[in-house]
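Read off the chains here:
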Amino acid sequence: MSYPVHKSDAEWRAELGEEQYSVLREAATERPWTGELLDEERSGVYHCAACDAELFKSGTKFDSGCGWPSFYESVRPEAVELIEDRTLGMVRTEVRCANCGSHLGHVFPDGFGTPTGDRYCMNSIALGFTPES
Ligand SMILES: [Zn+2]
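Residues numbered from 1 in each chain as written. Predicted model: local features only at pLDDT ≥ 70, side-chain atom pairs only at ≥ 80, totals over all residues. Heavy atoms only, no water.

Focus: unusual backbone geometry
Keep in mind that most residues, glycine aside, have a negative phi and that most peptide bonds are trans.
No. 1: In the Ramachandran plot, Trp33 falls in the positive-phi region, its phi being about 65° despite a non-glycine side chain.
No. 2: Here Trp33 falls in the exposed class, since its relative accessible area comes to 56%.
No. 3: Phi at Asp52 is positive, roughly 80°, even though this residue is not glycine.
No. 4: Looking at the element boundaries, Asp52 is found in the loop between β1 (44-48) and β2 (54-57). (Buried < 20%, exposed > 50% of the residue type's maximum accessible area, 1.4 Å probe, protein only. Helix = DSSP H or I, 4+ residues; strand = E, 2+ residues; numbered from the N terminus.)

Given below as structure tokens:
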């Protein structure tokens, strides 16, 4: 899969902090309850921390109790890429930024009580937030 934004590992390493690099480019998972955006409640737009593409709107964020920022749908279906992930002995669906291929988190079909029933469980460090002005 080739993405509109393509950079070498060395370029990503130089641009992203060490922690961001390990999540976005190596699919690490940040510790739960540590993310800055977990309790963000303002209106605005969440974007990819690597390439700035818009990913989620604040209106679809919900309190899932899982310790990571959770959304029930992406800003547009084509904003994210969904990939079957069979690591760690589980079958999960990985969520990547469709614009740069960076790892964002996983989506689970357990967004109980939300309009879609989906829970996009995102690493806070993989996202940036722009409040509505
Ligand atoms: Zn991106």
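Past the structure itself, the notes keep going.
Side note on the nonpolar core
Generally speaking, nonpolar side chains in soluble globular proteins are found buried as a group.
No. 1: Ranked by size, the top nonpolar core spans 25 residues in total, and within it Leu55, Cys97, Leu104, Tyr120 and Met122 carry the most contacts.
No. 2: Looking at this core, the elements that each hand over two or more residues are α2 (18-24), β1, β2, β6 (92-97), β7 (103-108), β8 (119-122) and β9 (127-131).
No. 3: With three residues, α2 is the largest single contributor of residues to this core.
No. 4: Setting aside residues no more than four positions away along its own chain, Cys97 makes contact with Tyr3, Cys48, Cys51, Ala53, Leu55, Ala79, Ser102 and Leu104. (Core = buried A, V, L, I, M, F, W, Y, C linked by side-chain atoms within 4.5 Å. Contact = heavy atoms within 4.5 Å.)

With respect to the coordination of the zinc ion
No. 1: For the zinc ion, every protein donor is listed as Cys48 (SG), Cys51 (SG), Cys97 (SG) and Cys100 (SG), and the spread of their distances is 2.3 to 2.4 Å.
No. 2: For the zinc ion, the donor residues sit on a single chain with the sequence spacing C-x2-C-x45-C-x2-C. With Cys48 in strand β1 and Cys97 in strand β6, this pair connects stretches of sequence that are 49 residues apart.
No. 3: Its relative accessible area of 0% is what places Cys48 among the buried residues. (Donors = N, O, S within 2.8 Å, 3.2 Å for Na, K, Ca; no water.)

Observations regarding the sheet that holds β2
No. 1: Spatially, β2-β1-β9 is the arrangement adopted by the three strands of the open sheet, whose pairing is antiparallel. The open sheet terminates on both sides in strands that have one partner only, identified here as β2 and β9. Strand-to-strand twist of the sheet, defined as the mean angle between neighbouring strand axes without regard to direction, takes the value 30°. (Pairing = 2+ DSSP bridges. Axes fitted to C-alpha atoms, helices over the stretch in contact; angles between N-to-C directions.)

Digging into the pairing of β2
Each regular strand displays side chains that alternate between the two surfaces of the sheet.
No. 1: As judged from the three bridges shared by β1 and β2, these two strands associate in the antiparallel manner. When the sheet's bridge partners are listed, His47 is paired in β2 with Glu54.
No. 2: Linkage of β1 to β2, two consecutive antiparallel strands, is achieved through a turn of five residues, within which Asp52 is found at a positive phi near 80°.

What about the side chain of Ser124?
No. 1: Mapped onto the secondary structure, Ser124 falls in the loop between β8 and β9.
No. 2: Polar side-chain contacts of Ser124 include one of 2.9 Å to the backbone nitrogen of Leu37. (Polar contact = N/O pair within 3.5 Å; in protein donor to acceptor, adjacent residues only side chain to side chain.)

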